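Below are the chains, spelled out letter by letter.
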Protein chains: 2
Amino acid sequence: MSQGELPAGDLIEGRGMSGAAISRHLKVLRQAGLIKQRAQGPQRLYSIQPDGLRAIADWTISKREFWETSLDRLETAILEDEEL
Amino acid sequence: MSQGELPAGDLIEGRGMSGAAISRHLKVLRQAGLIKQRAQGPQRLYSIQPDGLRAIADWTISKREFWETSLDRLETAILEDEEL
DNA sequence: TACTTATTTAACGATGGTGTTAAATATTGT
DNA sequence: ACAATATTTAACACCATCGTTAAATAAGTA
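Residues numbered from 1 in each chain as written. Chains lettered and ligands numbered in written order. Predicted model: local features only at pLDDT ≥ 70, side-chain atom pairs only at ≥ 80, totals over all residues. Heavy atoms only, no water.

Asks: Is there a simple way to think about the interface of chain A and chain B in this case?
Replies: Accessible area lost during the coming together of the parts is what is often quoted as the interface size. Tallying the contact residues gives 14 residues for chain A and 14 residues for chain B. Along the contact surface separating chain A from chain B lie ten salt bridges. Notably, a salt bridge pairs glutamate 68 of chain B with arginine 64 of chain A, separated by 3.3 Å at the nearest N-O pair. Among the elements of the structure, helix H3 (50-62) and helix H4 (64-82) of chain A are those that each provide at least two residues to the side of chain A that touches chain B. No other element matches the nine residues that H4 of chain A contributes to the side of chain A that touches chain B. Looking at side-chain class alone, the side of chain A that touches chain B contains five nonpolar, one polar and eight charged residues. (Contact = heavy atoms within 4.5 Å. Salt bridge = Lys/Arg side-chain N within 4 Å of Asp/Glu carboxyl O. Helix = DSSP H or I, 4+ residues; strand = E, 2+ residues; numbered from the N terminus. Nonpolar A, V, L, I, M, F, W, Y, C, P; charged D, E, K, R; others polar.)

If you want it as structure tokens, here you go:
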């Protein structure tokens, strides 16, 4: 789907799961603001909603510093632990 | 518990949860090798099992490089995205 | 030995996640 | 208006997690 719009049918194929299940997954993603839906005849074309993914990316990066310092502390603790 | 041994009773208090529930949590932690149990009369004294926690710490650190490079890529992608 | 205390185990129930099948809905072509 | 196609929704079931209460177990004490 990263390459553009895809009808639900294409997203269902080869996934070893019923269309109903996929459909509900898509609904959740849509409600979460991660994908968009557009009707074309009886088909629903799905595509990415850049804003939503961007928000996740930004959030992820915003936590980076927290994790860096946490891992630093963990490494320090391990080293101190080895000094016995 | 990081300060030493504690009887189950102490671990139950103030947790707003039944003793039975805490007891099962302790059992899971013990089976996971994260805590030790020792009997003293009718009490069970719990303490940390350093090896288990250490294994988790080591594993965590072992993933650090993976995440660093992943986040680097994410940051790069965000920057490229902003050049529009 | 029987009682009390500390803790665990058993049996049960609520909740959330996620899959399935069958019915409902919308759109297009006859 | 009717049938076929694409997709969604409804109803149901399964399983794991996690809490509860009540019964079981073990140790110390009268």
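We are not done yet, so read on.
Asks: Would you take a moment to explain the protein's contact with DNA strand C for this structure?
Replies: Every one of the 20 residues lining DNA strand C counts as a neighbour, but Ser18, Arg24 and His25 of chain A together with Gly9 and Tyr46 of chain B are closest to it. Here DNA strand C approaches the protein such that, of its atoms within 4 Å, sugar and phosphate make up 67%. Here histidine 25 of chain A contributes a side-chain N or O atom positioned 2.5 Å from a phosphate oxygen of DNA strand C. In this structure, glycine 9 of chain B approaches DNA strand C through a main-chain N or O atom, which is 2.7 Å from a phosphate oxygen. Among the residues forming the surface near DNA strand C, the class breakdown is nine nonpolar, eight polar and three charged. (Near = heavy atom within 4 Å. Polar contact = N/O pair within 3.5 Å; in protein donor to acceptor, adjacent residues only side chain to side chain.)

Asks: I keep staring at the relation of the copies chain A and chain B and nothing clicks. Help me out?
Replies: Between the two copies of the chain lies a rotation about an axis combined with a shift along it. It takes a turn of 180 degrees to lay chain A on chain B, together with a shift of 0.0 Å along the axis; the resulting RMSD is 0.1 Å. Those values place the two copies in the arrangement expected of a two-fold rotation axis. Using C-alpha coordinates, one finds that chain A approaches the rotation axis most closely at glutamate 68 of chain A, a distance of 4.4 Å. When the interface residues of chain A are mapped onto chain B, 100% of them again fall at the interface, so both copies present the same face. (Least-squares fit on C-alpha atoms with pLDDT ≥ 70 in both.)

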